[in-house]
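Examining the three-dimensional arrangement
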There are 2 protein chains.
Amino acid sequence: MKIRRSERLIDMTHYLLEHPHQLIPLTFFAKRYESAKSSISEDLAIVKKTFKMRGTGILETIPGAAGGVLFVPEISMADARKYIEDLCEEMSQQDRLLPGGYVYLSDLLGQPELLRQVGRIIASKYLGEKIDAVMTVATKGVPIAQAVSYYLNVPFVIVRRDSKITEGSTVSVNYVSGSSERIEKMELSKRSLARGSRVLVVDDFMKGGGTVNGMKSLIEEFECELVGVTVFAEAKFKGTRAINEYSSLLFVENVDTRTKTINVVPGNYFEE
Amino acid sequence: MKIRRSERLIDMTHYLLEHPHQLIPLTFFAKRYESAKSSISEDLAIVKKTFKMRGTGILETIPGAAGGVLFVPEISMADARKYIEDLCEEMSQQDRLLPGGYVYLSDLLGQPELLRQVGRIIASKYLGEKIDAVMTVATKGVPIAQAVSYYLNVPFVIVRRDSKITEGSTVSVNYVSGSSERIEKMELSKRSLARGSRVLVVDDFMKGGGTVNGMKSLIEEFECELVGVTVFAEAKFKGTRAINEYSSLLFVENVDTRTKTINVVPGNYFEE
């Protein structure tokens, strides 16, 4: 009997972690483990306590006949800040400097451990919000979108600058690229987003905000609602940004190609 | 004391799931839970048994001073086949048919639950292999690469058809696009792959195999080694394929634009 509880706790933990933001009725677990609902309730109380203590997330209990448990992954502000501060140091390394003052990021955005953390940090910002989809633009936004989508457990959609025959009919918008002030075009497969969806926009890097603004227009075209915008990193921008409300995990404060220094600090995600 | 074990099991499960393919010394857990190594050993035996019973994966125990435990996520052939068979049905739906006989897949490749399963299935094929990196080509291969990378716990790199200033120096190769027989170019950031790396190639869709063949050339240019190739779906191809050895989860056997039928069956992953 003691072993049975241990096994239930292990498998339950696995199941909850793989099904975040999904209401799971107690009867589901009772059936899965051939156990009484009262035992399952006790198990879940232990899981809840441990998840809270270890900063894994919140296990919400919804009472009633249509109730159950819902796991909401979370990271504390302190843990998030610590992680991002370490990342600032890594990103400030001289050898990341590219011609033209760009910062090399592609290696970071291919690391599973970093993506897990970034996904968890971004998802933690929207705990109370109803989100139906995560949106990003190809190519480098994709890993961020997928990472967030894993924690929110909602699909992500990829906006493209080049049309592809494998996307079917698309809806396109023109937007002003903030950095170069050129008019560009982006499009999204028509069937990828249902009308009325609540959409979270994420991207890897923001300068003028033109690309994000394009995604905002696209969300309007689809008669959807923008929930928020979070970017992995933002750069200092001299002009007026195309968007005002956004959140950034990292802020590339200064890039000096002559002295070969990059200065990265935590972004406005961490401001009050 | 009873509670303590419960808490350890829950947090241990979480930790192992988030750190697959990583050797974790027993002393790490002993310290984390302020517990004796003998207790930790007992805990791990329970986790091992449960993971095996539920098909979560294998918990390997490496004895000795430099030893510890290593979690290898896995899915049984039977579970994998069941999942893919359901997917075949979903992919055979008439409304996925696009002009030109293409099949719409983008919605599927944005679903976190599908990506988790596909990542686990692909990773399970390379259990005994040493893999240093997963490689794919932008854009639609990225979610597959990231999904696999989460389970193998190694970075993924993205080959691009268009050069970007944010990639730094790149190495490029020309390749023959199998479907159109045009010569195209693909490139990869020079610093993204270390010489001698063992690379697993994944992609969303394969027809003639030209793109995959391009990635093979690129792997040679980087003086790396190809471990294997697995694609999410392959289509029937009349000519001679540019590559012979590959694995596919799904096989699009037939697309008939006149009768509007798509026929998808499990791919050669499931053949002996």
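None of the values given here were measured: they were computed from a predicted structure. Residue positions within a chain follow its written sequence, with the count starting from 1. Written order determines the labels here, with chains lettered from A and ligands numbered from 1. Predicted model: local features are reported for residues with pLDDT of at least 70 only, side-chain atom pairs are reported and counted for 80 or more only, and whole-chain, interface and lining totals are derived from all residues. No hydrogens and no water enter the side-chain calculation; it runs on all heavy atoms of the structure.

Quick look at the overall build of chain A
Helix numbering and strand numbering both begin at the N terminus, where a helix is a DSSP run of H or I of at least 4 residues and a strand a DSSP run of E of at least 2. When helices and strands are tallied, chain A shows seven helices and twelve strands. Its C-alpha atoms give chain A principal-axis dimensions of roughly 70 × 45 × 35 Å. The contacts in chain A between residues at least 6 apart in sequence include a share of 60% that link residues at least 24 apart. Only the protein chains shown count as cover for residues, and the accessible areas themselves come from Shrake-Rupley with a 1.4 Å probe. Accessible surface, chain A as shown: approximately 12,200 Å² in total, 48% of it carbon and sulfur. His residues and chain termini do not enter the charge count, which takes Lys and Arg as positive and Asp and Glu as negative. Here the site of a charge means atom NZ of a Lys, CZ of an Arg, CG of an Asp or CD of a Glu. Here chain A contributes 35 positive and 35 negative side-chain charges, whose respective centroids are spaced 3 Å apart. The contact definition used throughout considers only heavy atoms, calling two residues in contact when any of these lie within 4.5 Å.

What to know about the sheet that holds strand 10 (residues 225–235) of chain B
Residues and elements named next belong to chain B. Sheet architecture is open: six strands sit in the order 6-5-9-10-11-12, paired in mixed fashion. Both edges of this open sheet fall to strand 6 (156–159) and strand 12 (261–266), since each of them pairs with a single strand only. Within this sheet the neighbouring strands show an average axis-to-axis angle of 25°, counted without direction. Pairing between two strands requires that DSSP report at least two bridges joining them. In terms of strand pairing, strand 11 (residues 247–256) meets strand 12 through six bridges, oriented antiparallel. Pairing of Asn254 across the sheet is with Asn263, part of strand 12. Convention adopted: a line fitted to C-alpha atoms gives each axis, helices being fitted over their contacting stretch, and angles between N-to-C directions are expressed from 0 to 180 degrees.

Overview of the environment of A:Val173
Residue and element names in this part refer to chain A. By the secondary structure assignment, Val173 is in strand 7 (residues 170–176). Remark: exposure states derive from per-residue accessible area (1.4 Å probe, protein chains only) relative to the maximum for the residue type, with buried under 20%, exposed over 50%, and partly exposed in between. Val173 sits in the buried class, given a relative accessible area of 8%. Along the sequence, Val173 and Glu187 sit 14 residues apart, while their C-alpha atoms lie 6.3 Å from each other. Excluding anything up to four places from it in sequence, Val173 contacts Glu184, Lys185, Met186, Gly214, Ser217, Leu218 and Glu221.

Overview of the interface of chain B and chain A
Between chain B and chain A, the residue contacts involve 61 residues of the former and 61 residues of the latter. If you sort the residues of chain B by the area they bury against chain A, B:Ile10, B:Arg116 and B:Tyr150 come out on top, with a joint share of 13%. For salt bridges, the criterion is a side-chain nitrogen of Lys or Arg within 4 Å of an Asp or Glu carboxyl oxygen. Run the count over chain B and chain A and you get six salt bridges. A salt bridge links A:Glu7 to B:Lys49, with the nearest nitrogen and oxygen atoms 3.0 Å apart. Definition of a polar contact: a pair of N or O atoms within 3.5 Å, with one able to donate and the other able to accept a hydrogen when the atoms are protein atoms, and with sequence-neighbouring residues admitted only if both atoms are side-chain atoms. At the boundary of chain B and chain A, one finds 23 residue pairs in polar contact (both at pLDDT 80 or more). Taken together, the elements giving at least two residues each to the side of chain B that touches chain A come down to helix 1 (2–18), helix 3 (37–54), strand 3 (97–98), helix 5 (112–124), helix 6 (142–152) and strand 6 of chain B. For any pair of parts, buried area is found by adding up, for both, the accessible area (1.4 Å probe) each one loses once the two are put together.

Points about the UniProt feature "domain: Bacterial purine repressor N-terminal" (unreviewed entry) in chain A
UniProt records the feature "domain: Bacterial purine repressor N-terminal" (unreviewed entry) for residues 4–73 of chain A in the present numbering. Across residues 4–73 of chain A one finds 56% helix and 17% strand; the C-alpha atoms that close the span lie 26 Å apart. UniProt positions are given in the numbering used here, feature names are shortened, and annotations may be inferred rather than shown by experiment.

Re the environment of B:Lys31
Tracing the backbone shows B:Lys31 in helix 2 (residues 26–32). Along the backbone, B:Lys31 and B:Arg241 are 210 residues apart, and their C-alpha atoms lie at a distance of 54 Å.

Some words on the sheet that holds strand 6 (residues 156–159) of chain A
Adjacent strands of a sheet pair through backbone hydrogen bonds, lying either parallel or antiparallel. Residues and elements named next belong to chain A. Spatially, the six strands line up as an open sheet ordered 6-5-9-10-11-12, and their pairing is mixed. The open sheet has two free edges, formed respectively by strand 6 and strand 12 (261–266), since each of these has just one partner strand. Strand-to-strand twist of the sheet, defined as the mean angle between neighbouring strand axes without regard to direction, takes the value 25°. Sheet analysis places strand 10 (residues 225–235) next to strand 11 (residues 247–256), joined by five bridges and oriented parallel. Directly across from Ala235, in strand 11, lies its bridge partner Val252.

Remarks on the relation of the copies chain B and chain A
C-alpha atoms of residues with pLDDT of at least 70 in both copies form the basis for the least-squares superposition of the copies. After a rotation of 180° and a shift along the axis of 0.0 Å, chain B superposes on chain A with an RMSD of 0.0 Å. Classification of the inter-copy transformation places it as that of a two-fold axis. Take the interface residues of chain B: 100% of them recur as interface residues in chain A, which is what a same-surface contact looks like.

Focus on the side chain of B:Thr13
Along the chain, B:Thr13 turns up in helix 1. Engagement of the side chain of B:Thr13 in a polar contact is seen with the backbone oxygen of B:Leu9, the distance being 2.7 Å. Not counting chain neighbours up to four residues away, the residues in contact with B:Thr13 comprise A:Ile10, A:Thr13, A:His14, B:Val47 and B:Phe51.

Describing the packing of aromatic side chains
Geometry of aromatic contacts follows a simple scheme: Phe, Tyr and Trp rings, the Trp one being its six-membered ring, pair when their centres are within 6.5 Å, and the pair is stacked under 30 degrees between planes, edge-to-face over 60, tilted otherwise. Enumeration over the complete set of coordinates arrives at 13 aromatic pairs over all chains. When the ring of A:Phe29 is compared with that of A:Tyr33, the centres are 6.0 Å apart and the planes differ by 5°; the resulting orientation is stacked. Summarising the burial analysis for this pair, A:Phe29 and A:Tyr33 share the class buried. Here the aromatic rings of A:Tyr150 and B:Tyr150 are separated by 5.1 Å at their centres, their planes lie at 65°, and the arrangement is edge-to-face. One end of the pair, A:Tyr150, is in helix 6 (residues 142–152); the other, B:Tyr150, is in helix 6, on a second chain. We note that A:Tyr150, like B:Tyr150, is buried. Aromatic ring contacts, followed pair by pair, group A:Tyr15, A:Phe28, A:Phe29 and A:Tyr33 into a single cluster. The aromatic ring of B:Tyr104 is capped on one face by A:Arg191, whose charged end is 4.5 Å from the ring centroid. We call a charge positioned above a ring when the Lys NZ or Arg CZ atom is no farther than 6 Å from the ring centre and deviates by at most 35 degrees from the ring normal.

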